[in-house]
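Examination of the molecular architecture
This is what each chain is made of:
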Amino acid sequence: MSRPRIVLTRRWPAAVEDVLRERYDLVANADDHPFSADELAHALATADALCPTVTDAIDAALLDRAAPRARLLGNFGVGFNHIDVEAARRAGLVVTNTPGVLTDCTADLAVMLMLMVARRAGAGERMVRDDAWAGWAPTQLLGTRVSGKTLGLVGFGRIARAVAARAHHGFGMRVLYYNPSAVPAAVTAALNAVACDSIEAVLEAADFVSLHCPGGAATHHLIDAARLARMPAHAYLINTARGDVVDQQALIDALAARRIAGAGLDVYAGEPVVPAALKTLDNVVLLPHLGSATHETRTAMGLRVVANLDAFFAGREPPDRVA
Ligand code: 8YV
């Protein structure tokens with residue numbers, strides 16, 4: 001029997017591509033170019049499984065026209081808001097993701113953004129690189145203390161809890177959260193975390209707000225102008241979730257008017273475009289979607305996709321099926 005054909009839309013860590021090459025008829029993307037819609041349609045029509053990432057729009061228009069041979073979408077990433085899950089179901093596709101393996105690195109990055117923006121790390125680094133540092137001064141680049149402050153989490157899933165652990169145990173922060181469903185008491189007790197009954201309550205009480213909800217229609221512009229206005233002027237917003245969870249223009253307006261103190265962003269609406277207005281602001285730290293970008297985690301993500309492929313093509317239930 002011929003081996004299933006697997007198409008990867010991007011380059012994956014070499015160790016993972018090697019495993020896939022041993023087990024499957026692998027079609028890799030040697031030059032790592034983002035696929036066009038036509039290339040995605042061709043892959044769906046010719047592969048047994050397509051393995052997309054956040055850079056691929058697997059939408060209804062694509063899925064409805066593709067007449068897929070593929071039976072599995074093995075997403076490389078935990079977030080799958082770039083996949084129209086209903087349309088995938090209609091097209092007879094099973095969808096899997098990669099939960100768990102990127103929790104720590106994404107939480108590390110959220111903490112890094114919090115520290116960077118509060119302690120003005122970006123501005124300081126630019127000063128050194130621009131040869132603009134004239135030497136130490138008592139009032140130079142003063143930032144905001146992080147230790148002992150209040151962290152507010154919007155969403156309290158795996159990554160938010162890992163951020164809370166770092167903040168609470170590492171920085172002595174008080175942790176508040178809003179989550180749409182109940183969280184086990186043992187989890188909140190270990191982190192001394194306090195539930196709020198609305199997003200507004202988190203925004204009003206926190207010195208740092210970090211977003212940890214999924215992307216997609218249900219959370220589009222969850223943080224809009226009205227909600228940003230609930231944040232005190234000394235507070236910071238951290239986003240490692242998805243760009244369109246925040247109304248980006250409303251955030252730019254709030255940052256420019258100093259209605260909030262700053263923001264640390266790893267994700268944007270319409271990536272990879274980052275609005276020029278954001279780049280001109282000194283009270284925002286801008287990273288290029290690096291949340292899971294470590295050798296260890298990207299390899300683990302790839303191997304998690306492999307585990308899903310292996311289960312699916314052996315006729316078992318894939319461990320990370322989301323649709
Ligand atoms: C991934 C992420 O690198 O997994 C996710 O949802 O946001 C990132 O950490 C990227 O999305 C890969 O698809």
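See the structure above.
As a starting point, this report considers the structure included with it. (Residues numbered from 1 in each chain as written. Predicted model: local features only at pLDDT ≥ 70, side-chain atom pairs only at ≥ 80, totals over all residues. Heavy atoms only, no water.)

**What to know about the overall build of the protein chain**
Which entries qualify depends on this criterion: In DSSP terms, a helix is any run of H or I states spanning at least four residues, a strand is any run of E spanning at least two, and both are numbered starting from the N terminus. Radius of gyration means the value over C-alpha atoms here, while the globule rule gives 2.2 Å times the residue count to the 0.38 power. Remark: exposure states derive from per-residue accessible area (1.4 Å probe, protein chains only) relative to the maximum for the residue type, with buried under 20%, exposed over 50%, and partly exposed in between. Contacts: residue pairs with any heavy atoms within 4.5 Å of one another. Just so you know, the count uses Lys and Arg for positive and Asp and Glu for negative, and it drops His and the chain ends. To locate a charge, take atom NZ for lysine, CZ for arginine, CG for aspartate or CD for glutamate.
Tallying secondary structure elements over the protein chain gives 13 helices and 12 strands in all. Taking 2.2 N^0.38 as the reference for a compact globule, 323 residues should give roughly 20 Å; the C-alpha atoms of the protein chain span a radius of gyration of 21 Å, in line with that estimate. Dimensions of the protein chain, computed from the C-alpha atoms along their principal axes, are close to 70 × 50 × 35 Å. Expressed as a percentage of its 323 residues, the buried residues of the protein chain come to 47%. Long-range contacts, defined as pairs at least 24 residues apart, comprise 62% of the intrachain contacts of the protein chain with a sequence gap of at least 6. Taken as two groups, the 31 positive and 34 negative side-chain charges of the protein chain have centres that lie 4 Å from each other.

**Considering helix H7 (residues 158–171)**
Which entries qualify depends on this criterion: Take the residue count of a helix, subtract one, and multiply by 1.5 Å to get its expected span.
The end-to-end C-alpha separation of H7 is 19 Å, in line with the 20 Å expected for 14 residues at 1.5 Å each. The set of residues buried in H7 consists of Ala160, Ala162, Val163, Ala164 and Ala167. Positive phi shows up at Gly172, right after H7, with a value of about 60 degrees.

**Examining helix H11 (residues 248–256)**
Note that an α-helix has 3.6 residues per turn; residues three or four places apart therefore point the same way. Convention followed: We call two N or O atoms a polar contact when they sit within 3.5 Å, provided that within protein one can donate a hydrogen and the other can accept it, with sequence-adjacent residues counted only if both atoms are side-chain atoms.
By the burial criterion, the buried members of H11 are Gln248, Ala250, Leu251, Ile252, Ala254 and Leu255. Next to the buried residues of H11 lie helix H10 (225–228), strand S10 (236–239), strand S11 (262–265), helix H12 (276–279) and strand S12 (284–286). Sitting at the amino-terminal end of H11 is Asp247, which places a side-chain oxygen 3.2 Å from the backbone nitrogen of Gln249. Positive backbone phi, approximately 55 degrees, marks Arg258, located one or two places after H11.

**Thoughts on the packing of aromatic side chains**
Threshold: We call Phe, Tyr and Trp rings a pair once their centres come within 6.5 Å, taking the six-membered ring for Trp, and we label the pair stacked below 30 degrees between planes, edge-to-face above 60, and tilted otherwise.
All chains considered together, the criterion is met by 5 aromatic pairs. Taken together, a centroid distance of 5.1 Å and an interplanar angle of 10 degrees make the contact between Phe208 and Tyr236 stacked. Taken as a pair, Phe208 in strand S9 (residues 208–211) and Tyr236 in strand S10 lie far apart in primary sequence, 28 residues in all. The exposure classification of Phe208 matches that of Tyr236, with both residues buried. On the basis of an interplanar angle of 90 degrees and a centroid distance of 5.1 Å, the ring pair of Phe312 and Phe313 is categorised as edge-to-face. Since its relative accessible area comes to 15%, Phe312 is described here as buried. By the ring-pair criterion, three or more aromatic residues cluster together here, those being Tyr24, Phe312 and Phe313.

**Some details on the site of the ligand**
Going by this rule: Proximity is defined per residue: if any heavy atom of the residue lies within 4 Å of a molecule or strand, that residue is considered near it. Only the protein chains shown count as cover for residues, and all accessible areas are computed by the Shrake-Rupley method using a 1.4 Å probe.
Every residue close to the ligand is listed here: Thr53, Val54, Phe76, Gly77, Val78, Gly79, Leu102, Arg242, His289, Ser292, Arg298 and Met301. In this structure, an oxygen atom belonging to the ligand sits 2.6 Å away from a main-chain N or O atom of Phe76. Between Ser292 and the ligand, the recorded distance is 2.7 Å, taken from a side-chain N or O atom to an oxygen atom. The fraction of the free accessible surface of the ligand (330 Å²) that becomes covered by protein chains is 92%.

**With respect to the packing of helix H5 (residues 103–118) against H7**
Basically, it comes down to this: Angles here are taken between N-to-C directions and fall from 0 to 180 degrees, while the axes themselves are lines fitted to C-alpha atoms, restricted in helices to the stretch in contact. In these notes the angle categories are as follows: under 35 degrees is roughly parallel, over 145 is roughly antiparallel, 65 to 115 is roughly perpendicular, and the rest is oblique. Take the far helix as your reference; a near helix turned counterclockwise from it by less than a right angle gives a left-handed crossing, and one turned clockwise gives a right-handed crossing. Classification convention: Asp, Glu, Lys, Arg as charged; Ala, Val, Leu, Ile, Met, Phe, Trp, Tyr, Cys, Pro as nonpolar; all other residues, Gly among them, as polar.
At a closest axis distance of 8 Å, the pairing of H5 and H7 adopts a crossing angle of 55 degrees. Viewed along their axes, H5 and H7 adopt a mutual orientation that is oblique. The chirality of how H5 crosses H7 is right-handed. Touching Thr103, Asp104, Thr106, Ala107, Asp108, Ala110, Val111 and Leu115 of H5 are Arg158, Ile159, Ala162, Val163, Arg166 and Phe171, all from H7. Here the residues of the contact of H5 with H7 sort into 8 nonpolar, 2 polar and 4 charged.

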